[in-house]
Amino acid sequence: MENKLKSNLTKTVNFVCSFIETNYKYRKLVLFIFLSIYTSHISYAQSVSTYAGTGLQGDLNGSVLTCEFVSPEQMAFDSKGNLYIADALQHVIRKIDKLGNVSNYTGNGAPGYVNGNISVAQFYNPLGIAIDKQDNIYISDEFNYVIRRIDTLGNVTTFAGSGLQGYTDSIGTLAEFGGTAYMCFDDSSNLYVADYVNNVIRKVDNLGNVSTFAGTGVLGNLNGPANLATFNWPVSIAYNKLQNVFYVSDRQNYLIRKIDASRNVSTYAGDGTAGHADGIGTSARFNGAKGIVTDSIGNLYIAGRLDFTIRKIDTFRNVTTIAGIPNVTGYVDTENLLSEFGRPISVVFDGNRNLLVSDYDNFVIRGVEVYSILLGNGLAQSTNSSFNLYPNPTNENFTIEHSTDQAEILITDILGQLILKIQTTQPSTKIQLDKNGVYLVYVKTIHGMSAQKLIVNR
């Protein structure tokens, strides 16, 4: 089957290259159609698997194959590759280390509000988790109405919030929250909290000063300047550092909202009606969208809590379903669009730029292949490294620019056969390929590896 696929793909590539040489004016149309088909084939090869958990509900530690979760909510990685999970109804923070060992990092399983060492600390329904650049861990402790901080020595303190439910902007423990949900950091180490009860996004700077970043505190669906905009049950926020913008899961408005660098709020996707529909921007529909995360090039991924899918919004605002069967609940590991989820609730990227999903009703963490591309006889995953390639398409030389001085550049044909391999110590490399065709260009740096398609038409 695989050999037949490669043979057919080879014939197709040869035909496309031959056609564009003799039919120049149709070149763009043919290449667009071909790349659309090729990209569809790549997506089909991706799959969903169980990353951690047995599917049974419980507080069982051990390996990722034998552990059990009660109610996995938001997840976050530290700089060492350890994954931390807010297990809300168990009132604990779970940890999965790089070797796949699962443990209770802090919390004793009983609801409470106790600071101190991680061995004695207590939480009450921890929902959100975010980790700063120094590996300090921040927890949105929902029913204690506070943000807790766990430093790198394992000391738990209250970072912000008085412990009383309310809506007060102030410093540290003088502030009040209504309902703390999912969180994220920006590049300046400011923490952003979805305060769903107050229908606002709160900002906590690194000194603990709490302010309202967006929203008025009044329920609604009004776009405009952040201090005038309104939300309805915002439950999650994600930061896109490339454009310095934020995205918000505005759950009861059935929308994904955007807060730009000037703090203007707009509707990024969704028509405001509960449902499941793919489309462009406001022609799409969502139902119970919760956890969201951006990748290194600005695409947004969404956990569809009530339509049981994982959605993607690309940088052109195209909304697509990338995993799960819309409105079908279950527990099936298979190819992405045939898989089934119980209630996907949180999403985070792992070190291989694949998506991990908290599947709340199945009590597991699922893995969703997102960046898989064919390379030779197997798969290679792109990671958190980006580069510029121009001009593309090209009829002569092309240039690759990347963020580090040292890099390895690999160029393959469309079937994954290696054409060129370059070790460079320069941030910019000029290359020439002698034959027309469609190529895959990989750039590997200390940050990982990414890939782009290149079209050569000499």
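Computed from a predicted model, the values in this text were never measured in an experiment.

Trainee: How would you sum up the pattern of salt bridges? Please name residues and give values.
Mentor: Summed over all chains, the structure comprises 15 salt bridges. Of the charged contacts, one joins D87 and R94 as a salt bridge, the two residues approaching to 2.9 Å between their closest N and O atoms. The two residues D87 and R94 agree in class, both being buried. One salt bridge in this structure joins R343 and D361, with 3.2 Å as the shortest N-O distance. Separated by 18 residues along the polypeptide, R343 in the loop between β25 (318-323) and β26 (344-349) and D361 in the loop between β27 (355-359) and β28 (364-368) bring together distant segments of the chain. Among the charged side chains, a salt-bridge network with shared partners connects D59, D87 and R94.

Trainee: Could you give an account of the packing of aromatic side chains, naming the residues involved and the relevant values?
Mentor: Under the criterion given, the structure shown has 11 aromatic pairs. Centroid distance Y196 to W233: 4.7 Å. Interplanar angle 55°. Geometry classified as tilted. Of this pair, Y196 sits in the loop between β13 (191-195) and β14 (200-204) while W233 sits in the loop between β16 (224-225) and β17 (234-240), and the two are 37 residues apart along the sequence. Exposure remark for W233: the relative accessible area of 30% places this residue in the partly exposed category. An aromatic cluster of at least three residues, connected via ring pairs, comprises Y192, F213, Y239 and F246. Sitting over the ring of F123, R148 keeps its end group 4.6 Å from the ring centre. Against the face of F177 rests R202, its NZ or CZ located 4.8 Å from the ring centre.

Trainee: Talk me through the environment of L174; I want residue IDs and the actual numbers.
Mentor: In this structure, L174 sits in the loop between β11 (155-160) and β12 (180-185). As a C-alpha pair, L174 and V210 span 36 residues in sequence and 9.1 Å in three-dimensional space.

Trainee: How would you summarise the sheet that holds strand β32 (residues 398-402) if you had to cite specific residues and measurements?
Mentor: With antiparallel pairing, the three strands of this open sheet are ordered in space as β31-β32-β35. Among the strands making up the open sheet, the edge pair consists of β31 (387-390) and β35 (428-431). Within this sheet the neighbouring strands show an average axis-to-axis angle of 15°, counted without direction. Relative to β32, β31 runs antiparallel, the two sharing four bridges. Among the inter-strand pairings, L389 is bridged to a residue of β32, identified as I400.

Trainee: Quick rundown of the side chain of T309? Include the residues and the values.
Mentor: As for its position among the elements, T309 is in strand β24 (residues 309-313). Within polar-contact distance, the side chain of T309 engages the side chain of D307 at 3.0 Å. Those residues in contact with T309 that sit more than four places away from it in its chain are H276, I302, A303, G304, T321, A323, G324, I325, P326 and P344.

Basis of the calculations
- Residues numbered from 1 in each chain as written.
- Predicted model: local features only at pLDDT ≥ 70, side-chain atom pairs only at ≥ 80, totals over all residues.
- Heavy atoms only, no water.
- Salt bridge = Lys/Arg side-chain N within 4 Å of Asp/Glu carboxyl O.
- Buried < 20%, exposed > 50% of the residue type's maximum accessible area, 1.4 Å probe, protein only.
- Helix = DSSP H or I, 4+ residues; strand = E, 2+ residues; numbered from the N terminus.
- Phe/Tyr/Trp six-rings, centres within 6.5 Å; stacked < 30°, edge-to-face > 60°.
- Lys NZ or Arg CZ within 6 Å of the ring centre and 35° of its normal.
- Pairing = 2+ DSSP bridges.
- Axes fitted to C-alpha atoms, helices over the stretch in contact; angles between N-to-C directions.
- Polar contact = N/O pair within 3.5 Å; in protein donor to acceptor, adjacent residues only side chain to side chain.
- Contact = heavy atoms within 4.5 Å.

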